[in-house]
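# Analysis of the macromolecular model
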Amino acid sequence: MLTCKDLRISQGDFVLAADVAFPKAGVTAIIGASGAGKSTLLLAIAGFVAVASGDVAHGDPFTDAAPGKRPVSMLFQDNNLFPHLSIGDNVALGLPKLGDASVVADVLACVGLSGMEGRKPAALSGGQQSRAALARLLLAERQIVLLDEPFAALGPGLKDEMLDLMRTVLVEQMGATVLMITHDPDDARRVADHVAWVADGRVNVPRPTAEIFADPPAGLRAYMGQMG
């Protein structure tokens, strides 16, 4: 289980507090208004933003570990693909150590990209690039996966397809703990087990998805009204 114990992140006048646990082997949707601190939370867990106090732990604390030494992979909206590398080479970057080319081929097949190892990212559609990024996360074998709206630029049908694939490969096959930022409550309804509402400088305790949407806190209710 991923825990943020008395965590405090301070950036200028902005302070974000979190004292929460994120359930293991499932998806927690992180929802909040723009500027609420959703990305700040994920960046702190990944080690790209310093914390003022408190601990981040997955069994053992890793608060002071360098980003590369944490049990964490992170995927951003641009999919983090290097344009000058082939898809096969991009995916191979996820390997914890040098491996057989067949390993890359197998994981590309798992996400529906068989035979595309030699293509550059620019030769792939947005959905195919997202699949390649998921393949790299699979090879990294990290037990915590942080998703900062990686499918937001996709059309509704393709986005739903990628959300379903994400859950299948990361949670059901890999058993990862996934934190997924989204601005769309329907994304959470589709794939999230829990939802954590971020508002007023605090990450609230995750609640089961059906429960929180059936009886949302006032801020989330207002947010969903604005979305409509």
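Residues numbered from 1 in each chain as written. Predicted model: local features only at pLDDT ≥ 70, side-chain atom pairs only at ≥ 80, totals over all residues. Heavy atoms only, no water.

### Looking at the overall build of the protein chain
The test is simple: Secondary structure elements follow DSSP: runs of H or I no shorter than four residues count as helices, runs of E no shorter than two count as strands, and numbering proceeds from the N terminus. All radius of gyration figures rest on C-alpha atoms, and the globule criterion is 2.2 Å times the number of residues raised to 0.38. Categorising residues by exposure relies on relative accessible area from a 1.4 Å probe, with only protein chains included: less than 20% of the type maximum marks a residue as buried, more than 50% marks it as exposed, and the intermediate range marks it as partly exposed. Whether two residues are in contact is decided by their heavy atoms, any of which lying within 4.5 Å being enough. Per-residue accessibility takes into account occlusion by the displayed protein chains alone, with areas from the Shrake-Rupley method and a 1.4 Å probe. Asp and Glu are treated as the negative residues and Lys and Arg as the positive ones, with His and the ends of the chain left uncounted. Lysine's charge is taken at NZ, arginine's at CZ, aspartate's at CG and glutamate's at CD.
Secondary structure summary: the protein chain contains 8 helices and 11 strands in total. For 228 residues, the compact-globule estimate of 2.2 N^0.38 gives 17 Å, and the protein chain sits close to it at 17 Å. For the protein chain, the spread of C-alpha atoms along the principal axes amounts to about 50 × 40 × 30 Å. Considering the protein chain as a whole, with its 228 residues, one finds that 48% of them fall into the buried category. Sequence-distant contacts, at least 24 apart, represent 69% of the contacts inside the protein chain between residues at least 6 apart. Surface summary for the protein chain: the accessible area is close to 10300 Å², and the carbon and sulfur share equals 51%. Charged side chains of the protein chain number 19 positive and 25 negative; the gap between the two group centres comes to 1 Å.

### Section: a negative patch on the surface
Condition: Patch criteria: residues need more than 30% relative accessible area and no salt bridge. Like-charged residues are merged within 9 Å; nonpolar side chains of Val, Leu, Ile, Met, Phe, Trp and Tyr are merged within 5 Å. We define a salt bridge as a side-chain nitrogen of Lys or Arg found within 4 Å of a carboxyl oxygen belonging to Asp or Glu.
A cluster of like negative charges, contributed by D6, D19, D55 and D64, occupies part of the molecular surface. Residue placement: D64 occurs in the loop between β5 (60-61) and β6 (72-75). You can call D64 exposed: its relative accessible area is 79%.

### Overview of the pairing of strand β4 (residues 53-58)
Quick note on the threshold: Strand pairing requires that DSSP identify at least two bridges connecting the strands.
Bridge count between strand β1 (residues 2-11) and β4: 5 bridges; the pairing is antiparallel. Bridge pairing links R8 to S53 in β4. As defined by bridge partners, β4 adjoins β5 across 2 bridges and the pair is classed as antiparallel. For A57, the partnering residue across the bridge sits in β5 and is P61. Hairpin connection between β4 and β5: a loop of 1 residue separates the two successive antiparallel strands, and G59 in this loop has a positive phi of roughly 80 degrees.

### Let's talk about helix α4 (residues 126-140)
Residues separated by three or four positions in an α-helix point in the same direction, a consequence of the helix having 3.6 residues per turn. Cut-off, in case you're wondering: A helix is expected to span 1.5 Å for every residue after the first.
For α4, spanning 15 residues, the distance from its first C-alpha to its last is 22 Å, which sits close to the expected 21 Å at 1.5 Å a residue. Most of α4 is tucked away: 12 of the 15 residues are buried. Listed in full, the buried residues belonging to α4 are G127, S130, R131, A132, A133, L134, A135, R136, L137, L138, L139 and A140. Residues of α4 that are buried sit in contact with β6, α2 (87-92), α3 (101-110), β7 (144-148) and α5 (156-173). Just downstream of α4 lies E141, where phi reads positive at about 55 degrees.

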